[in-house]
Structure formats: structure tokens, C-alpha cells
Amino acid sequence: MSISNILGFDGKLLPSVFPAVSPYPPVATGLGAVLAVSGAGNSLPMTNVGNIGCSNIAAPFGSILAFGSDLITNGATNNLGILPVGNLTLAGCQTKGSMLVGDGTSSKELIVPVAPALPDGSVLILDSTTSLGVRWGGEAGDINSITPGTNIDITGPTANPIVALKAPLTSTLNMGAVAITDSAGAVGVSGQVLTAGTGGQTLWGSNGVASITPGSNIGVAGTASVPVVSLLSPLTSTLNVGTQNVQGTTSQITLTNGGSQAVQQATTGFTSIDSTIATTKANVFKTSISIETNADKVSIQPTSILKTLGTTALSVGSVGSAPLNLFGAGGNANGITLAQIANVGTVLQTNLSNVKFYPDTLINNNNLNTVGVPLPQVDYQRLTLTNLGLTNTNVWADYGSAVFSGYTAFGRDSNGFIWLADATGSIQVWDSTITTLQFSLAVSGGTNTVNVFYLQGGYMWIGGNFTTVADGNGVNATPQYSITRVDIATNLFDPINDGAVFGVQIGYDVFAIHDINGVLGIGGNFNTKSNGATPFSNIAEITNPYAIGGSQFYNEFQGGADNTVYAIYNDSTQGRTYIGGGFLNVGISTSPTPLNYCGYYDATFVGWFQVANNQLNNQVFTIKPTSYSQILLTGAFTTSMGISFDYSIYLDNTTPNTFIDTNFNMGGVLPDYRQGFYNGSYNTLIGFDNTFYISNVSGVWTSLGQCGAGALITGIDDWNGSYKVIGNTYQYVRSHSVLPHSCVFTGSFVYDGTAYGNYTIVPRNVSQQFIGDDANSFWSIIGAGVGTFS
């Protein structure tokens, strides 16, 4: 019968296949409807069957085990019992030890590899990397790895590791209180040692020392098993130490010979100590050697040879014609020093002419103007007094009264009055000593700044950034825009204007003021007149500047410049007006001319001309004449014509394209437009660290030290015989002076029978000699005097 004969079109068994005694369709659809047990000649459905009592359930190949919607169950438990015990044969799971394992979709046979491929005791291991999720492994137990410890080695596979003691051991093997047995299994007793036996055995035995035979200078005591070996005392023969040291520690090594002895406490380099006279001995100590008899004793130390006992003279000399040399070198400026007891004469003489030598002493002023001179301490002692002057030849000090906490500008008028301004726009005018206030003024508006004072034509001109001027009480306030003047005859503001213009562009600065052949040149960063309508580019001129107020006229100077003008200098002898600043072009409203940061207008040739071949590479801040036919430029420039310059150059007065280095080292610190000054005979310039320099020879600059005027020097001048400096963070004017270089030596002097207390030496680097009397009470001059007594 083929399968087609038992299956219908719907895939179910045809009813004709089943015996007639089986009701079809079955009452219940389940395994019990397919498998039935015959009993009493009837067929019954297997529903709610707990046990199937049979010895074998075989499913031949090709049989169908159909399941319905029910399980074989006895109600509370899910069991399929095969009783009595028999065999349940499942196709695909018949190998010994194998089992069915699900792979996620069906059941598969997991076969156990038979020993010896897999040893007994192997375990089932979860392994997600396998297709069934488990595998049989050769590992036993839970050991995955073993880490060796000190003196332990691990070899063999992980499953079967071999643990053994290292050979050789790598650290101390601590046996504690556990005994060690030898090759024969014996445990050693006290005093025994492990010895090498035959056949590679290690056996406990005695220490092997049977006896010790003493040699020269060696003694043996104690027992044979515990001998005591020591150096004989006294020795029985010569002790030859060869090249080795004989060294003592806490006890001394005493070398005895009759009544003399040498005591050694540390390493010494002597080869022998010989004493032929029992009453003479040499003591060798750690820090000295002493040679002594009953009457005399001399101590030799690393720094001295000193006679400590006895009244006989100590002689240091040489025998025959060999000279005696005393070396006083070694880097000490004093050379050979002879210690002298006070008020005890020293006689140094030769056997040739009985010439005596007396001690000499030198006293210099040590950068002081007054030095004390002690009395002589040795008969006929000689003295040299030297005035070396002072190392610092310059000093800066506060001058006059403290006026402001910091200054922006100052000036000096023809009355000798000193004009001072601060950052709030306040102006005070003092006498030349800055001790009496003469009057006060003020500017306001803008930034309240005064940048420059300039005395010319009976007026003190004031430039800065302001919109109003008034007296010190704020009275008579008058509009003035960054430029104004004070009549020094009346000490009142005298406003200047042309009826409509009262200065430069409101809110901008005037940095430079200079007379240009009767007109007043002003430079700054403005672009128009104060009316805001007329171009006025950075440099302008005021015509009729010294006439009555209201009759002035403001004009752009020769077409102006395209950027800030910081400096103006008019050389009237050459007919040239120099300007410096941050511009690159001038005459921009008339005939533009490229001029890099500096140039001059020539009134004779009516045009602008370049300086330094137009090669300056940055701003110019100051332009000052000199007393040696050169013009000094300072600024931020570092190069001209490819040549490196440090912020300053000289221009030739007749051919300004010719220039040279000033040799002035600014130290990498930029100058400021307020840091140059010329008084008609020399130049001054402030460099780095507030240091003040002067020059009266081309290329030669002299430092006058740090002036201490504040973080920024804002003014330089000179009057009353000294330089004056102000700064932006200090309340005093600072004044320079040259320190006196005379020195007064005070002491006891006698000249021509008259006693004096002072001897003054005025010139620097000059000396005078004196000699003491035999009573050590005064000094007498030697030779013609270079100073004066008083």
C-alpha cells in the first residue's frame, strides 16, 4: 500500500484505513485517538492516561506519530511512564552517552567522543559559539588557569598543569619551624650541616672541621667544633701589612717604644716615628701633630704651625744656600698676613743693613663721603688714605611739593614758573622750587587731557583733548577745542579764534605745537576744524597766533597728512619744517606726496621732501635738534634702507637723506612722544626701565640712572642747575644731582704741632700717606699734602 492510498486530499488519513471497531472520527483529537490499547475486545481512546504499561514502543521508519491538541497527561503531572523498565528508542539519538539538544528550531544528537579522545571525568560546557550551545570539554573541575608564586614553576597544559619547585630558587625559602630531611630521610640535629655524599646524595653530617693549626701571630682557643681564632698579643713575628691600611675605630692603636709613644686615632701617612731621646715625643692626632720636649712644644695643624709652650724663638728657615719661600697666593687678595698683637712693636729686619720694616695699612672711602680712621696700633705704623669717590655718580630725589598723583605734561615759562598738568585737566603753576603755588587753571570736556605745554610769543600754549578752559575755580569758562593759550603777563586764558572756529575737531588731540616762521604749527589726530565743515588733516597752522584773541585764522598746513602727527620741528636756518608720526602721505589735499612716517616741507623749494631715503618702517615720535649738526629721530621704527636701527637715528642737518646710527640702545622698549628734550647744548632721552640718558657728543650717551618718576615719563626739562623729570604715576617732580666725590677722613691728626680731627681729600682716586707716633696716639702726614686739615 502506498502513501497515496491512505491519505486524502486534505492530508488526513482516510477512514478506510482504520478498523471498523474504531469509531471515526474519534471522540477526542489527541495522541490517545491514534494510540489505543486493546482491552476486552474493545478499542478505547487514550485520554488522561498516566502510564502505558508495555515493554517497548518502537516507531519503525516511516511511521507517523500524530499529536492532536492534547497532551498525554494524568491531570496534575506531565509524565510518560514506560513500565516495567524497558527501552525507548529514539531515532537520531542512539550513540552511547549522546543526548538530544535543541538548536533553536529542532532537536539534534550531541555525541560524546569516546575515551581516550575525551577522558573520563570530562564535563559538559556551555559554549555560545557552537551550533548547539553546549560541548563536551576535556577540562576537569573549575580550574581555568594557575598563576605561579615565588619559587613555583607551572608547566604542561592548562587541563593537566605540572607544578614544581623552581631550580634555582628566585627568593628566600622560609622553612619556618619545619625540619629538612636529607636524601636518606634523616632529620639533622643541632650543629650538623648538609654535605654532599656519593651518588649525588645530600646528607646531614658534621661541619667537617677536625682541627685548626695556628700560624705565625695567630692563636687558637675554644673547642675543635667551635674554635676561637685571634691575633697573638704580643705578636711573635713582624706583622707585614703590605699596601693595606692600619685603621682604628673606637679604640686607639698604640705603638710603644720605651718611654716614647705615638698615638694614632685615624688614617695617617707617616712612614716612621723615631725617637732617640726618651724625653722627646711626637703625638699624631686626628687634626694635628705635636712635637714636644719637657721645655718646648710645637703644634702642626692643617692651617698653622704654632709654638704653644716655651719662650725660645720659633725659627722657620732653611739650611745652606736654599732660600725660604712663603707663598701667599691661592686667590686671597691679602697674600701673606702677619698677625700682630695690639700695641706691641713688630721688628722685621735683615742681617745686611739692620733695616726695619713696619706694618702698613690702607683705608679707602668704600663709597662713603665720611670715613673714620682708628689710632695707630703699632709703633711707627704707616697709613695710606685713598679717596676712590663714589660708584654711583648720580642721584634722583623728590623736588618740591607733592602736587598731583601723576602728571601728563609740564613746562616752564619766562617768569621761572613751573606748569604742571594731571589726567583730570587740572593745571597748577608753581614757583621754580615747587614750594609756592602761584595760580590754578583747568580744562574740561573731551578726555580732559593736557598733552603739551609750549612757550612762545608771551603765551603758554596748551594742547590736548578738551572743549572748555577756565580759571581754577571754574570761572569764566570759555569754549576752546584742544588748543588754547594763557597770557603769562596776566595769568589768564586768552582764547583764540577767528569768530567761528575755536580750535580743531571736537574730541580729538593736539600732540605737538611749534612756531613755524611766525605761524603756529599744531599736529595731532584731528581731521577737521572745530566747526566740523573744513578739512583739517592732522597738521594745521594758526596765522596771527600772537595777536589779540579773535583775530586768528586756522588753515591746513601744506595739504595735511593722512595720519597722526606726533612731532613738529622747524629748522629756520635751513627753511625746513620737519614732521613725524604715523602717516604715509602728506599734502593729501593739494599735491599728495608719499612720505613714510617722517619728512620736511622746504619753504625755499616750496614742496615736501623725504628723509632717510623714505625707508623708515614705522612711526616717528620725536624730532629734536642737537649741538653737533645732526637731527635726532626716535620712534617705533627698526629699519631704514634695510639697515637695522633700535628706534633712533641721526639725520644729517644739511642732507636729511643721509643718516647714521645713534648707538643708543633702547633695550627693546619703545620710546614715547614725550620722552625727548633739547635745551640748546645737549640731548636727553628716556630709555628702558625709566633710565635717563644724556648726550653732548654724537653717538655717545651717558646714563644718569633710573629717575624713579613712575611707569611712564611724561615730561623732561632742566632748571636751577639740574635735570627734572615727571611721570604718570608719581606725585613729585624728580630732580637729578651729581653726588659729591670728596671724602672726609676723621681721626687724630697732628700737623706742625697742631691737632686736627679731619683730613679732607677732594679729588677722586687720590691717596695720602701718614705715619703713627711711638705712643700710638696720632698720625703725622708724609710728604706734601693733597688734602686739607680741619
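Residues numbered from 1 in each chain as written. Predicted model: local features only at pLDDT ≥ 70, side-chain atom pairs only at ≥ 80, totals over all residues. Heavy atoms only, no water.

Our next topic: the overall build of the protein chain. Within the protein chain, the regular secondary structure consists of one helix and 66 strands. Burial analysis of the protein chain (790 residues in total) assigns 34% to the buried set. By sequence separation, contacts in the protein chain at least 24 residues apart represent 41% of the contacts at least 6 residues apart. Accessible area for the protein chain stands at about 44400 Å²; split by element, carbon and sulfur atoms hold 55% of it. (Helix = DSSP H or I, 4+ residues; strand = E, 2+ residues; numbered from the N terminus. Buried < 20%, exposed > 50% of the residue type's maximum accessible area, 1.4 Å probe, protein only. Contact = heavy atoms within 4.5 Å. Areas by Shrake-Rupley, 256 points an atom, 1.4 Å probe, with all protein chains shown as cover.)

Now for unusual backbone geometry. One non-glycine residue, serine 482, adopts positive backbone phi at about 70°. As for its placement among the helices and strands, serine 482 is situated in the loop between strand S36 (478-479) and strand S37 (483-487). Judged by relative accessible area, which is 0%, serine 482 ranks as buried. Positive phi, close to 50°, is recorded for alanine 612, a residue that is not glycine. Position of alanine 612 relative to the elements: it lies in the loop between strand S48 (607-610) and strand S49 (620-625).

Further remarks concern a nonpolar patch on the surface. A cluster of nonpolar side chains, namely Ile289, Ile291, Ile300, Ile305, Leu314, Val316, Leu324, Leu326, Ile336 and Leu338, defines an oily patch on the protein surface of about 920 Å² accessible area. The residue isoleucine 291 is located in strand S20 (residues 289-292) in this model. (Patch = residues over 30% accessible without salt bridge, like charges linked within 9 Å, V, L, I, M, F, W, Y side chains within 5 Å. Salt bridge = Lys/Arg side-chain N within 4 Å of Asp/Glu carboxyl O.)

With respect to topology, four strands assemble into an open sheet ordered S49-S50-S53-S54, the strand pairing being antiparallel. Both edges of this open sheet fall to S49 and strand S54 (659-661), since each of them pairs with a single strand only. Strand-to-strand, the axes of this sheet are offset by a mean angle of 25°, without reference to chain direction. Bridge count for strand S50 (residues 630-635) against strand S53 (residues 648-652) is five bridges, and the pairing is antiparallel. Bridging across to S53, leucine 633 finds its partner in isoleucine 649. (Pairing = 2+ DSSP bridges. Axes fitted to C-alpha atoms, helices over the stretch in contact; angles between N-to-C directions.)

Evaluation of the coordinates by the stated rule reveals eight salt bridges. Residue aspartate 672 pairs with arginine 674 through a salt bridge whose shortest N-O separation is 3.0 Å. Per residue, the accessibility class of aspartate 672 equals that of arginine 674, and both read buried.

A word on the packing of aromatic side chains. Counting across every chain of the model gives 34 aromatic pairs. Ring plane angle 75° and centroid distance 6.1 Å describe the contact between tryptophan 461 and tyrosine 546, whose orientation is recorded as edge-to-face. Of the two residues, tryptophan 461 is situated in strand S34 (residues 459-465) and tyrosine 546 in the loop between strand S41 (539-543) and strand S42 (553-556); the sequence distance between them amounts to 85 residues. Plain terms: the ring middles of tyrosine 730 and tyrosine 732 are 6.0 Å apart, the flat faces sit at 45° to each other, and that makes the pair tilted. We classify tyrosine 730 as partly exposed; its relative accessible area is 22%. (Phe/Tyr/Trp six-rings, centres within 6.5 Å; stacked < 30°, edge-to-face > 60°.)

For the rest of this paragraph, the subject is the pairing of strand S47 (residues 598-602). With respect to burial, S47 is a largely interior element, five of its five residues being buried. Neither face of S47 is exposed, since Cys598, Tyr600 and Asp602 on one face and Gly599 and Tyr601 on the opposite face are all buried. Two strands pair when backbone bridges link them, and strand S44 (residues 576-581) and S47 are joined in this way by five bridges, in the antiparallel orientation. Residue pairing across strands places tyrosine 578 opposite tyrosine 600, the latter belonging to S47. Examined bridge by bridge, S47 and S48 share four bridges and lie antiparallel to one another. If you follow tyrosine 600 over to S48, its bridge partner there is phenylalanine 609. Linkage of S47 to S48, two consecutive antiparallel strands, is achieved through a turn of four residues, within which valine 606 is found at a positive phi near 50°.

Time to look at the confidence of the model for the protein chain. This prediction gives the protein chain a mean pLDDT of 80; 78% of its residues lie at or above 70. Looking over the protein chain, one finds the lowest element-wise mean pLDDT in strand S1 (residues 36-39), namely 40, and the highest in S44, namely 98. Overall, residues 21-85 carries pLDDT values under 50, and its contacts beyond four positions in sequence, including any with other chains, amount to 55 contacts. Every residue in residues 258-276 scores below 50 in pLDDT, and together they form 35 contacts with partners more than four places removed in sequence or on other chains. (pLDDT = per-residue confidence, 0-100.)

Turning our eyes to something else, we now look at the pairing of strand S56 (residues 683-686). Taking every second residue as pointing to the same face, both faces of S56 are buried, with Asn683 and Leu685 on one and Thr684 and Ile686 on the other. Relative to S56, strand S55 (residues 676-678) runs antiparallel, the two sharing three bridges. Looking at S56, one finds that tyrosine 678 is bridged to asparagine 683. Linkage of S55 to S56, two consecutive antiparallel strands, is achieved through a turn of four residues, within which glycine 680 is found at a positive phi near 105°. Where S56 meets strand S57 (residues 691-697), four bridges bridge the pair, whose relative direction is antiparallel.

With that settled, the discussion passes to the sheet that holds S34. Strand order in the open sheet made by the four strands is S33-S34-S37-S38, with antiparallel pairing throughout. The sheet is open, and its two edges are formed by strand S33 (449-456) and strand S38 (492-493), each paired on a single side. Bridge analysis of S33 against S34 gives seven bridges, and the strand direction is antiparallel. The partner of tyrosine 454 across the bridge, within S34, is tryptophan 461.

Once that is clear, we can look at the side chain of asparagine 653. Along the polypeptide, asparagine 653 turns up in the loop between S53 and S54. When residues no more than four places from it in sequence are discounted, the contact partners of asparagine 653 are Asp571, Gln574, Arg576, Tyr578, Ser629, Gln630 and Ile631.

On to the environment of asparagine 525, then. Looking at the secondary structure, you find asparagine 525 in the loop between strand S40 (519-524) and S41. Residues asparagine 525 and tyrosine 508 lie 17 residues apart in sequence; the distance between their C-alpha atoms is 6.2 Å. Those residues in contact with asparagine 525 that lie beyond four places of it in its chain are Tyr508, Asp509, Phe511, Asn538 and Thr564.

Turning our attention to the environment of aspartate 487. Along the chain, aspartate 487 turns up in strand S37. The class for aspartate 487 is buried, based on a relative accessible area of 18%. For the pair formed by aspartate 487 and tryptophan 461, sequence separation is 26 residues and the distance between their alpha carbons is 8.9 Å. Discounting chain neighbours no more than four positions away, the residues touching aspartate 487 are Gly458, Tyr459 and Leu492.

The next subject is the environment of threonine 626. Within the fold, threonine 626 resides in the loop between S49 and S50. On the basis of relative accessibility, which here comes to 9%, the residue threonine 626 falls in the buried class. A C-alpha to C-alpha distance of 9.0 Å links threonine 626 and asparagine 679, two positions 53 residues apart in sequence. For threonine 626, the contacting residues outside a window of four places in its chain are Leu632, Tyr650, Tyr678 and Asn683. Here tyrosine 628 takes part through its backbone nitrogen, which lies 3.2 Å from a polar atom of the side chain of threonine 626. A distance of 2.6 Å separates a polar atom in the side chain of threonine 626 from the backbone oxygen of glutamine 630. (Polar contact = N/O pair within 3.5 Å; in protein donor to acceptor, adjacent residues only side chain to side chain.)

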